Amino acid sequence: MLREKIFIASDHAGFALKQEILKFLNNKNIIFEDLGAFDDNRCDYPDYAHLLSSRINENSFGILICGSGIGMSIAANRHKNIRCALCNEALSAKLSREHNDANVLALGARLIGADMAFEIILNFINTSFSGGRHCVRISKIEENL
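- For the chain, an unreviewed UniProt entry supplies the name Ribose 5-phosphate isomerase B and the organism Campylobacter peloridis.
- The chain has a UniProt comment under Sequence similarities (unreviewed entry) that states "Belongs to the LacAB/RpiB family."

Now the structure itself:
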């Protein structure tokens, strides 16, 4: 894994998938911190996206899960230095790291199953940023925040 820790959060729609992901991370001995939700009672995804985004630094990754992943990704990307990628298959996760230096992954619990989520997560956390020409593009994103 390229970073020391993963922060993970979900809303009610993503709670069940998050629980499966927590078991998966634990079985892989990957260090994580669960920021909630801690049950499947209705809650608001922006609260969790903002909480997780406030914790991300150069030594961490984030995983956000809601029904579609769209709301979480929109909310997270409102934060400076957050590049949240919504991924529904493994190649997008790899490319989001290589080309975009994504540091937060958004998943849609109603769109993918646990096995696909595991594959996406492994691609995301094990892929390095390519740098080079992509650095200029990343700086153009950051300068407008």
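What follows picks up the thread again.
### A few points about the overall build of the chain
- Helix and strand counts for the chain come out as six helices and five strands.
- Mapped from its N terminus to its C terminus, the chain presents α and β elements in the order β-α-β-α-β-α-β-α-β-α-α.
- Taking 15 Å as the expected radius of gyration for a compact globule of 145 residues, we find that the chain reaches 14 Å, a close match to that expectation.
- Counting only residues that meet the buried cut, the chain has 48% of its 145 residues in that class.
- At a minimum sequence separation of 6, the contacts of the chain that also span at least 24 residues come to 69%.
- As displayed, the chain offers around 7200 Å² of accessible surface, 48% of which is attributable to carbon and sulfur atoms.

### Here we look at the state of the cysteines
- For the coordinates displayed, the defined rule picks out zero disulfides.
- C43 forms no disulfide, and the closest cysteine sulfur to it belongs to C66, at a distance of 10 Å.
- By relative accessible area, C43 is classed as buried at 14%.
- Take C135: it sits in no disulfide, and the sulfur closest to it among the cysteines is that of C87, at 19 Å.

### With respect to helix α4 (residues 90–100)
- Residues of α4 that are buried include every one of A90, A93, S96, R97 and E98, and no others.
- Each element contacted by the buried residues of α4 is listed here: β3 (60–66), β4 (84–86), α5 (114–125) and α6 (133–142).
- By the N-cap criterion, in which a side-chain oxygen at the helix start approaches the backbone nitrogen of a residue two or three places on, α4 is capped by E89, the distance to L91 being 2.9 Å.
- One or two residues past the end of α4 sits D101, with phi positive at roughly 50°.

### Focus: the pairing of strand β5 (residues 104–108)
- Counting buried positions along β5 yields five of five residues, so the element is predominantly enclosed.
- Across the two faces of β5 the burial is the same, with V104, A106 and G108 and L105 and L107 all buried.
- Sheet topology note: the β3/β5 ladder contains five bridges and is parallel. Note on β5: the bridge partner recorded for C66 is G108.
- As paired elements, β4 and β5 share three bridges and run parallel to each other. Opposite L86, over in β5, you have A106 as the bridge partner.
- Following the chain from β4 across α4 to the adjacent parallel β5, one finds a crossover that is right-handed.

### With respect to the packing of helix α1 (residues 15–27) against α5
- α5 packs onto α1 with a crossing angle of 55° between their chain directions and a minimal axis gap of 10 Å. Between α1 and α5, the angle falls in the class oblique. Two packed elements cross with a definite hand, and for α1 against α5 that hand is right-handed. Across the interface between the two elements, L17, E20, I21, F24 and L25 from α1 touch A114, A117, F118, I121 and L122 from α5.
- Each residue belonging to the contact of α1 with α5 can be placed in one class, and the counts come to nine nonpolar, no polar and one charged.

How each quantity is defined
Each chain carries its own residue numbering, running from 1 in the written order of its sequence. In view of the model being predicted, local features appear only for residues whose pLDDT reaches at least 70, and side-chain atom pairs are presented and counted only at 80 or more, with totals across whole chains, interfaces and linings using the full set of residues. As a rule here, side-chain values cover all heavy atoms of the structure and leave hydrogens and water aside. UniProt positions are given in the numbering used here, feature names are shortened, and annotations may be inferred rather than shown by experiment. Counting from the N terminus, the helices are the DSSP runs of H or I reaching at least four residues and the strands are the DSSP runs of E reaching at least two. We compute the radius of gyration from the C-alpha atoms alone; for a globule the expected value is 2.2 Å times N to the 0.38, where N is the number of residues. Only protein chains enter the accessibility calculation, which uses a 1.4 Å probe; a residue is then buried when its area is under 20% of its type maximum, exposed when over 50%, and partly exposed in between. A contact between two residues is defined here by any heavy atoms of the two lying within 4.5 Å. Only the protein chains shown count as cover for residues, with accessible areas throughout obtained via the Shrake-Rupley method and a probe of 1.4 Å. Disulfides are defined in this document as cysteine sulfur pairs within 2.5 Å. We define a polar contact as two N or O atoms separated by no more than 3.5 Å, with the added condition that, inside protein, one atom must be a possible hydrogen donor and the other a possible acceptor, whereas residues neighbouring each other in sequence contribute only through side-chain atom pairs. When DSSP finds at least two bridges between two strands, those strands are taken to pair. By the criterion used throughout, a crossover qualifies as right-handed when its path from the first strand across the helix to the second strand runs clockwise, the strands pointing away from the viewer. Lines fitted to C-alpha atoms define the axes, with helix axes restricted to the stretch in contact, and inter-axis angles between N-to-C directions lie between 0 and 180 degrees. Roughly parallel refers to an angle under 35 degrees, roughly antiparallel to one over 145, roughly perpendicular to one between 65 and 115, and oblique to any angle outside these ranges. The hand of a helix crossing depends on one turn: near helix anticlockwise from the far one by less than a right angle means left-handed, and clockwise means right-handed. Just so you know the grouping, Ala, Val, Leu, Ile, Met, Phe, Trp, Tyr, Cys and Pro go in nonpolar, Asp, Glu, Lys and Arg go in charged, and all remaining residues, Gly too, go in polar.

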